[in-house]
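Structural features, examined
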Amino acid sequence: NAGVTQTPKFQVLKTGQSMTLQCAQDMNHNSMYWYRQDPGMGLRLIYYSASEGTTDKGEVPNGYNVSRLNKREFSLRLESAAPSQTSVYFCASSLTGNTIYFGEGSWLTVV
Amino acid sequence: AQSVTQLGSHVSVSEGALVLLRCNYSSSVPPYLFWYVQYPNQGLQLLLKYTSAATLVKGINGFEAEFKKSETSFHLTKPSAHMSDAAEYFCAVSDSTGNQFYFGTGTSLTVIP
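Now for a description of the structure that goes with this document. (Residues numbered from 1 in each chain as written. Chains lettered and ligands numbered in written order. Predicted model: local features only at pLDDT ≥ 70, side-chain atom pairs only at ≥ 80, totals over all residues. Heavy atoms only, no water.)

1. Some remarks on unusual backbone geometry
- Backbone torsion omega between Thr7 of chain A and Pro8 of chain A reads -5°, so that peptide bond is classified as cis.
- At Asn28 of chain A, a position not held by glycine, the phi torsion is positive, near 60°.
- Of note, Asn28 of chain A is situated in the loop between β3 (19–25) and β4 (31–38).
- Overall, Asn28 of chain A belongs to the exposed group, its relative accessible area being 53%.
- In this structure, Thr72 of chain B takes a positive phi of about 45° despite not being glycine.
- Position of Thr72 of chain B relative to the elements: it lies in the loop between β8 (64–68) and β9 (73–78). (Helix = DSSP H or I, 4+ residues; strand = E, 2+ residues; numbered from the N terminus. Buried < 20%, exposed > 50% of the residue type's maximum accessible area, 1.4 Å probe, protein only.)

This is the structure we're talking about:
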């Protein structure tokens, strides 16, 4: 029962470095999401993709890019990491109008 | 856009006591309402979901929530707290398209032995 799988689980970056967070789901969901979680701020949507080939900005898209590679995969890229991007990142997926399912999270520290 | 307010960022209860976690949504009735639980260093897991079939929704681990349209609330309750209930709880709503989900800022539940 893989569900939503995201990698890596932990990463330390230096300011200015780039990296990509990978996410894949095996539930044949059409919608996929990237959230960040920071203390006291709950979950904030970075980007989402309602279907293969489409992506839309969420609440906090600045400094991030995404790619919906196919129906299964949705990656999040930090082109030039900043300390403000230190956070826990969650990938999620859902069928339109249904429950959203989350991955286990990726802990990113930018120093 | 929808919004969700969780009253109380931290709630402490004694083991065996009633758990009440509060959630209010914005005035327009959302298609779906959810409660999720997050244990330390893990992702969010679905506790329960309201879909308009019944106003009282039963979830896993003995939790339930009641949808009250007049109060725009969807509070989470459990009659008797257990130590294993200590976690972060998030209320969420979906928008009319079903494509976006909005989360509250979370309530951290501490259970005192």
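2. A few points about the environment of Ala81 of chain B
Residue and element names in this part refer to chain B.
- One can find Ala81 in the loop between β9 and β10 (87–94).
- Remark: the alpha-carbon pair of Ala81 and Val29, spanning 52 residues in sequence, is separated by 30 Å.
- What Ala81 contacts, discounting residues up to four positions off in sequence, is Val13, Ser14, Glu15, Gly16, Ala17, Val19 and Val111. (Contact = heavy atoms within 4.5 Å.)

3. Focus: the packing of aromatic side chains
- Applying the stated rule across the entire model yields 18 aromatic pairs over all chains.
- Between Tyr35 of chain A and Phe103 of chain B, the aromatic rings sit 5.4 Å apart at their centres with planes inclined by 85°, giving edge-to-face as the arrangement. In this pair, Tyr35 of chain A is assigned in strand β4 and Phe103 of chain B in strand β11 (residues 101–103), connecting two distinct chains. Across the pair, exposure class does not vary: Tyr35 of chain A and Phe103 of chain B are buried alike.
- Ring geometry for Tyr50 of chain B and Phe74 of chain B: centres 6.1 Å apart, planes at 55°, overall tilted. With Tyr50 of chain B in strand β6 (residues 44–50) and Phe74 of chain B in strand β9, the pair connects residues that are 24 residues apart, well separated along the chain. As far as burial versus exposure is concerned, Tyr50 of chain B and Phe74 of chain B are alike and both buried.
- Three or more aromatic residues joined by ring pairs make a cluster, and in this case those are Tyr33, Tyr35, Tyr48, Phe90 and Phe102 of chain A together with Tyr32, Phe34, Tyr36, Phe101 and Phe103 of chain B.
- Here the guanidinium or amino end of Lys49 of chain B rests over the ring plane of Tyr32 of chain B, the centre of that ring lying 4.7 Å away. (Phe/Tyr/Trp six-rings, centres within 6.5 Å; stacked < 30°, edge-to-face > 60°. Lys NZ or Arg CZ within 6 Å of the ring centre and 35° of its normal.)

Fair warning: the whole summary comes from geometry, so function is off the table for now.
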